[in-house]
Amino acid sequence: MPSRFYPFVQLEIPFELGPPDGRWMVREPGAGRVQRVIVLETVQARRADRVPSARRRPLRRRLHRAGRVSAARPRAAATPAGELAEPPAVPVARVTVVHSQPIEQEEAARAWLHRLDAEQEAEIAFAALNRLLAAHRLAAADPYAREVAPAQALAIRAGFGGGEQVAQGRWLQARELTLPRTPSRGRRRRAAILGSQERLARLLASEQSALLCEELALRARLDLDGGRPAHAASELERALATALVELEGEPGLDMPRRLAELRELHAGVRQVAEWLLPAFAADASTADADLAVISDALQRLEAALRARASAIAWR
């Protein structure tokens, strides 16, 4: 029986995340104390030595002196004609986000597991994991590395165990976490999904055009939620400047009023973005007032974009 017990939240994501398997420490800004230890392990992946060589590595093309490229020799499909192919095994990233501070008594660990706030623990775990993934994106210079959301997880569980036990993805006691969702929120989400599907079809059919400020607003939201206020402020400043041009004359409930509001907010966001540039380089903390400016302006921009999307959908 272990002498100390480490609480953890474990996530299972149905794809490879990018960073190498192993243990990663997430510290407070400024190389402070360790906040969480992330144990990353990729499981259920087909072993490379059992995968045919043609599937294990990308097809090779040889460039001839004449400038022509010869493709690899075609192979017959293993599945008989007319039948569906069996989906291949996929890798699953098992992420164990371990608290840095242990609990001394097993009874206290059981009490923690019994009373924990599932939504709060999941939010903290995903924030730590996404910090790792954002750092990996920069370190690997990989623009396609992406962060993840709770809705993408196959499973979310919390528990506790000994140090080496949880470092191997195992536990002494654990339970599955179910994140709450109110019925009204669910109805709103279903309505939003239906609207987004209609807009997706129109975008693909070139019946609608995407706005640059939409993409900038999404990036600002990702960075703000990920605890990167300097990035969010810089992106939001550009998003607002672009929105004031792109949304002029666009349909939407009270769009002239919304544009006037965004115009007023733009100056405050620009000021915060300029101030955070040297502050970010020096790892200075962001004041709550600055976060409030960014958050409020981003919410108003998102509301204006939703109003435009709704008006277009009802045309």
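Caption draft 1: Layout of the packing of helix α6 (residues 212-225) against helix α9 (residues 288-313). Here α6 crosses α9 at 140 degrees, and the two axes come no closer than 11 Å. Compared by their axis directions, α6 and α9 come out oblique. For the crossing formed where α6 meets α9, the hand is left-handed. Residue-level contacts link C213, E214, A217, A220, R221 and L224 of α6 to L291, I294, S295, L298, Q299, L301, E302, L305 and R308 of α9.

Caption draft 2: Focus on helix α7 (residues 229-246). With 18 residues, α7 should reach 26 Å at 1.5 Å per residue; the first-to-last C-alpha distance of 25 Å fits that figure. Turning to α7, its buried residues number three or more, namely P229, A230, A232, A233, L236, E237, A239, L240, A241, T242, A243 and L244.

Caption draft 3: Here's a closer look at unusual backbone geometry. Of note, A141 is a non-glycine position whose phi angle comes to about 50 degrees, a positive value. Along the chain, the position of A141 falls in the loop between α3 (118-139) and β7 (155-161). Even without being glycine, D254 reaches a positive phi, approximately 55 degrees. Its location among the elements puts D254 in the loop between α7 and α8 (255-281). With a relative accessible area of 40%, D254 lands in the partly exposed category.

Caption draft 4: Structural detail: the pairing of β7. Of all 7 residues in β7, 7 are buried, a share of seventy percent or more. Residues A155, R157, G159 and G161 point to one face of β7 and I156, A158 and F160 to the other, with burial holding for every one of them. Direction of pairing for strand β1 (residues 6-13) relative to β7: antiparallel, over a ladder of 7 bridges. What sits directly across from V9, in β7, is A158. Inspection of the sheet shows β7 paired to strand β8 (residues 173-176) by 4 bridges, in the antiparallel sense. Bridging from a neighbouring strand, R157 pairs with E176 of β8.

Caption draft 5: Structural context of the sheet that holds β8. Spatially, 6 strands are ordered β2-β3-β6-β1-β7-β8 in an open sheet, and the strand pairing comes out antiparallel. Looking along the sheet, the strands with just one partner apiece sit at the ends: β2 (22-27) and β8. For this sheet, the mean angle separating the axes of adjacent strands, direction not counted, is 20 degrees. With respect to the sheet, α3 is in contact with β1, β2, β3 (34-43), β6 (92-99) and β7, its orientation differing from that of β3 by roughly 75 degrees.

Caption draft 6: Main features of the nonpolar core. One finds L11, I13, L17, V95, L129 and V148 to be the most contacted residues of the largest nonpolar core, which totals 30 residues. Listed by contribution, the elements that provide at least two residues to this core are β1, β3, β6, α2 (106-115), α3 and β7. No other element matches α3, which puts 7 residues into this core. Not counting chain neighbours up to four residues away, the residues in contact with I13 comprise P91, V92, A93, F126, V148 and A153. Membership of the second largest hydrophobic core comes to 28 residues, among which are A232, A233, L240 and L247.

Caption draft 7: Focus on the pairing of β3. Bridge count between β2 and β3: 6 bridges; the pairing is antiparallel. Among the inter-strand pairings, G22 is bridged to a residue of β3, identified as L40. Across 8 bridges, β3 lies against β6 in antiparallel orientation. The partner of V43 across the bridge, within β6, is V92.

Caption draft 8: Main features of the environment of R258. Structurally, the position occupied by R258 is in helix α8. A sequence separation of 49 residues divides R258 from A307, and the C-alpha atoms of the two residues are 9.6 Å apart. For R258, the residues in contact, after removing those within four places along its chain, are L253, R300, A303, A304 and A307. In terms of polar contacts, R258 uses its side chain to reach the backbone carbonyl oxygen of L253, at 2.7 Å.

Definitions and cut-offs
- Residues numbered from 1 in each chain as written.
- Predicted model: local features only at pLDDT ≥ 70, side-chain atom pairs only at ≥ 80, totals over all residues.
- Heavy atoms only, no water.
- Axes fitted to C-alpha atoms, helices over the stretch in contact; angles between N-to-C directions.
- Helix = DSSP H or I, 4+ residues; strand = E, 2+ residues; numbered from the N terminus.
- Parallel < 35°, antiparallel > 145°, perpendicular 65-115°, else oblique.
- Left-handed = near helix turned anticlockwise from the far one by under 90°.
- Contact = heavy atoms within 4.5 Å.
- Expected span 1.5 Å × (residues − 1).
- Buried < 20%, exposed > 50% of the residue type's maximum accessible area, 1.4 Å probe, protein only.
- Pairing = 2+ DSSP bridges.
- Core = buried A, V, L, I, M, F, W, Y, C linked by side-chain atoms within 4.5 Å.
- Polar contact = N/O pair within 3.5 Å; in protein donor to acceptor, adjacent residues only side chain to side chain.

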